[in-house]
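If you want the building blocks of each chain, they are given just below.
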Amino acid sequence: MTELRPRRLTGSPLGWLIWGVVIFFFVNLAGVIVAVVVSSFGRRWFDTWLPQGWTADWYGRAWRDFTLGPVLVVTLEVAVLVVGISLLIGVPAAYALARASFPGRRLLLLLFLLPILMPPITYGIPLATVLYKYGFAGHLSGVVLANLVPSVPFVILTMTPFIEQIDPAIERAARMCGARTWQVFLRVLAPLSVPGILAAAILVLVRTVGMFELTFLTAGPDSQTLVVALYYSMSSAGIRAQQSVDAMAVIYTSMMLVLLVVALRFVNPTQLVARVGDEEK
Amino acid sequence: MSEPGFRELRLDGVGRSFGGREALAGLTLTIRKGEFIALLGPSGCGKSTALNCLAGLLPLTRGSIWRDDARLDTVPPERRGFGMVFQNYALFPHLTVRRNVAFGLQMRRVPRAETRRRVDEALRLVHLGEHAGKLPGQLSGGQQQRVAIARAVVLEPSLVLMDEPLSNLDAKLRLEMRTEIRRLHQTLGLTTVYVTHDQEEALSLADRLVVLREGRVEQIGTPEEVHGSPVSRHVADFMGYRNLLPLKAEPPAAGRVTVGGEGITMTGTPVGAIAAGDLVVAAARPEDLSIATEGVPATVEVVEYQGREVAVEARTEAGIALFLRGPTRPAPGDRIHVAVDPARLLVFPRDDP
Amino acid sequence: MTALRHRLADRGIDRHLLLLLPAAVFVVVLFIYPFFYGIGLSLQPAEGGPLGAYRRFFTDAYLRDTITTTLGLALPAALLNVLASVPIAYRMRGRYRGKRVLTTLLVLPITLGTVLTAQGLLNFLGPTGWFNRVLQSTGLTDAPVRLTNNYWGVFFSLVITGFPFAFLLVSSYLSGIDPALERAAATLGAGAVQRFRRVTLPLLAPGLATTFCLTFVLAFSVFPSAVLVGDPAGETRVISIAAYEAAYVQYDYVLASAIAVIMGVVELVVLGLVLGWRALLYTGSTAGGKG
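Calculation rules
- Residues numbered from 1 in each chain as written.
- Chains lettered and ligands numbered in written order.
- Predicted model: local features only at pLDDT ≥ 70, side-chain atom pairs only at ≥ 80, totals over all residues.
- Heavy atoms only, no water.
- Helix = DSSP H or I, 4+ residues; strand = E, 2+ residues; numbered from the N terminus.
- Buried < 20%, exposed > 50% of the residue type's maximum accessible area, 1.4 Å probe, protein only.
- Contact = heavy atoms within 4.5 Å.
- Areas by Shrake-Rupley, 256 points an atom, 1.4 Å probe, with all protein chains shown as cover.
- Buried area = accessible area lost by both parts, 1.4 Å probe.
- Salt bridge = Lys/Arg side-chain N within 4 Å of Asp/Glu carboxyl O.
- Polar contact = N/O pair within 3.5 Å; in protein donor to acceptor, adjacent residues only side chain to side chain.
- Nonpolar A, V, L, I, M, F, W, Y, C, P; charged D, E, K, R; others polar.
- Pairing = 2+ DSSP bridges.
- Axes fitted to C-alpha atoms, helices over the stretch in contact; angles between N-to-C directions.
- Phe/Tyr/Trp six-rings, centres within 6.5 Å; stacked < 30°, edge-to-face > 60°.
- Lys NZ or Arg CZ within 6 Å of the ring centre and 35° of its normal.

Caption draft 1: Here's a closer look at the overall build of chain B. Secondary structure assignment for chain B yields 8 helices and 20 strands. Overall size of chain B, expressed as C-alpha extent along the three principal axes, is 75 × 45 × 35 Å. Taking all 353 residues of chain B together, 52% fall into the buried category. Long-range pairs, those at least 24 residues apart, make up 67% of the contacts in chain B between residues at least 6 apart in sequence. Working note: accessible area of chain B is about 15600 Å², and carbon and sulfur atoms make up 49% of it.

Caption draft 2: Spatial organisation of the interface of chain C and chain A. Taken residue by residue, the interface counts 92 residues in chain C and 100 residues in chain A. In total, chain C and chain A occlude about 8300 Å² of area from one another, counting both sides; carbon and sulfur atoms represent 77% of this. Linking chain C with chain A are 0 salt bridges, by the criterion used here. On the surface where chain C and chain A come into contact, there are 4 residue pairs in polar contact (both at pLDDT 80 or more). With 23 residues, helix α5 (residues 99–125) of chain C is the single largest residue contributor to the side of chain C that touches chain A. Here the side of chain C that touches chain A is built from residues that sort into 63 nonpolar, 19 polar and 10 charged.

Caption draft 3: Looking closely at the interface of chain B and chain A. Chain B puts 23 residues into the contact, and the matching count from chain A is 18 residues. Note on chain B versus chain A: buried area summed over both sides is about 1900 Å², and carbon and sulfur give 67% of it. When the area that chain B buries against chain A is broken down by residue, the three leading residues are B:Glu78, B:His94 and B:Met107, summing to 32%. Put simply, A:Arg175 and B:Glu78 hold a salt bridge, and the shortest N to O gap is 3.0 Å. Taken together, the connections running from chain B to chain A amount to 5 residue pairs in polar contact (both at pLDDT 80 or more). For the side of chain B that touches chain A, the secondary-structure elements that each account for two or more residues are β6 (82–85) and α2 (97–107) of chain B. The biggest single contributor to the side of chain B that touches chain A is α2(B), with 4 residues.

Caption draft 4: Just the sheet that holds strand β2 (residues 21–32) of chain B, in detail. All names here are of chain B. An order of β2-β1-β4-β5 is seen for the 4 strands of this open sheet, with the pairing classed as antiparallel. The strands lining the two open edges of the sheet, one partner per strand, are β2 and β5 (70–71). Here 5 bridges tie strand β1 (residues 8–18) to strand β4 (residues 62–67), and the two strands are oriented antiparallel to one another. Bridged to Leu-9 within β4 is Arg-67. Lying over the sheet, helix α1 (residues 47–55) contacts β1, β2 and β4, oriented at roughly 120° with respect to β1.

Caption draft 5: Region of the structure containing unusual backbone geometry. Unlike most non-glycine residues, B:Glu214 shows phi in positive territory, near 50°. Tracing the sequence through the fold places B:Glu214 in the loop between β9 (208–213) and β10 (216–221). Assessed through its relative accessible area of 59%, B:Glu214 is described here as exposed. Here C:Asn149, not a glycine, exhibits a phi torsion of approximately 55°, which is positive. Residue placement: C:Asn149 occurs in the loop between α6 (130–137) and α7 (151–175). We classify C:Asn149 as partly exposed; its relative accessible area is 35%.

Caption draft 6: Broad picture of the pairing of strand β13 (residues 264–270) of chain B. Residue and element names in this part refer to chain B. Two elements, strand β12 (residues 257–261) and β13, share 5 bridges in a ladder whose sense is antiparallel. For Val-259, the partnering residue across the bridge sits in β13 and is Met-266. Across 2 bridges, β13 lies against strand β20 (residues 346–349) in parallel orientation. Among the inter-strand pairings, Pro-270 is bridged to a residue of β20, identified as Val-347.

Caption draft 7: How the structure looks around the packing of aromatic side chains. Counted according to the given criterion, the structure contains 31 aromatic pairs over all chains. Considering the side-chain rings of C:Phe57 and C:Phe58, the 5.1 Å spacing of their centres and the 80° angle between planes classify their relative orientation as edge-to-face. The class of C:Phe57 is buried, set by a relative accessible area of 0%. Through a chain of ring-to-ring contacts, the aromatic side chains of A:Phe212, A:Phe216, A:Tyr231, A:Tyr232, C:Phe223, C:Tyr244 and C:Tyr248 assemble into a single cluster. The ring of B:Phe92 carries the charged tip of B:Arg151 above its face, separated from the ring centre by 4.8 Å. Geometry around B:Phe323 places B:Arg242 over its ring, the cationic atom sitting 3.9 Å from the centre.

This is the structure:
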């Protein structure tokens, strides 16, 4: 156990410089976050270091003014539906991609990579147009469909390497023991890929709750998620008090923070951003 | 509750290609009940492909498989009722040893009490009774191997397939498990198809050997036949005929042929049609060459002590290497004469593929 | 029947591929079809022939300049994020106490989302925010520095959301490089700088290219922060704002689709250049040997 000795992280002047930059980044980041939190609890805050007086009223006001209750319900509904459907569609596809080699496999991988690589706005606008044409947009169904577009490929790209590292001989062994396809899935593959499925589910959840553009383009008044409601409240600032927007932002961030802490218990932090890089090898 | 038995299993021109590349070309073979068959060949010869086709894990691209009069190659693997032991064991890492072995019985909906009894029996058979509650990751390689065998034989399958099951074990364990597998076959009488690249393993275990090369059958026969009378220089090469000398034939006479060239003259036994002037390959095992008072002159280059015997590499004037094995121990640089029993020097036509 | 099955088996096609069907149909219906629908729509303007919308985009400076504005934000931000990640991730390699906490802190901004970041930046960097207060009370400046509602506000927002992203990817690529390689280089007499430059960096370079691409994609689609902390009518009028306005303010779906297509093409060109450069690099195993 030689690793127990803490490695020297500092020492050279370059090392100090790097730590200086990191600390500067964190100090400012903390400033950004704390400024919002402080403001959300402040009575009045104008051209002083700290607000004059404290209050928690803004939270109640934000809750009422922005009808946060229904918004949170919508956010939850969208997130759960997107996670469930994208797993149902994505996991079998990931299995087939991991196991089979067939003509056009690379083309199919590219097809699944594109929705992740393109900025959401580029396909969001035509997608919203199509969804409006067929009457999906403006409702929950439209928001869910739009959010599935990057989520399904994301599940596929996260799960494919995961399934690849499960020895295919184990499935064959199950077959030779007399297991049917569904039994192989249920009794062998599912227990072995629970960590991967959990990771993919949480990642899709985090991304869906945070996804602004697609929801923004397809949501109607009754189908806004929290981010979109927050955006509207901010861009219409002046009508509402600044502090109540801050309060809403704090609610949003706390929610994301809880998700993050849960996520980090199950997944490698790198997975939070993408597994796309690994796919290209 | 054992699997439906069969009198014989017939492979009829079974072939498999991958995107046009032929991995197995037309294997025709009849496996009789209770037989132990070894598929033998160097890596890439198609032996694992053949096994996977037989298991149903790989769809055929040619031919058909029959169990007595019923067509088998269209039946999915889980319904063929075969057992299989995989090269890297393929134990379910999330199940205990007991539940690994019970898996197949559960798939067949065998009653709980009977499952328990049969699993216990199978584990006792492979001496793993006290490890039943462990996960595969907690076992040594040899123990994992025995779990894999128990998992396959507990079903009393009509056919057991083994894919190089000993190749991941160290030398000592490999010998022990080899005896164990032979003992199991004798006790249970299970029809077995065994894939290996180790000729010694194949010779010691099997009733019949199928030697494959580049997807084609080179020879099918008993261990004695394949070992003593290989039908081609490739089989000879694989069976330990380390001396393969490219020479030229003189007119054959009375079941003997004299071959020569490059300053060598030897007399051997022709295998196949050989005429005077043909280019041939003369094959002999190291233990069939001996140091004598007359014969092919050569200079000793390398001497390896191998227990009771000594392996010698010598080189003729023309630069051809000869491999010998015997009790005498020359020193490097010694000039010797090498002789061979004509019955043990096999002469093959050189132009065979 | 048998012959057909034999032929399909030869190509590796069997019924398992049916599992791919739902996902493929899904992507085709909800991604490819709308995309081509958008392209089709962009080619049917009310006037000016099939390329009218594109001509309008490139002749109208107010629209055309959004490309340079977007690239002017996204390229430097992505570059900074990747370049800053390398030394920090390099320093943080290996195992030591508190690494998980440190990593979690660095990951934190991902959860902030663009909207909270924007709100925080307005509060913190604004004329009466803490940052300017510190600068003024320490006497570094007399008047508040303007850091929001302009280029810099958006740039900072892109760094805050993009840096953790780049950092995580770079660290994962770094952790994939066998440390034994650097030790081997050390036994051959290479100093710390040479070890980094001659061994680690070349092995890391393809990963850096991929990281740059992904960070760039993130920065290129900047939208909410450009509106909220930027100057959406002026110096941070990025291309996604133009697309959004065309679609939802002017209800000109033809122009909006054309802008979306242009946006996709510009992005793919940048990605193509970077990935083309990446293809020239060594991209094999980064392990030191077998296993």
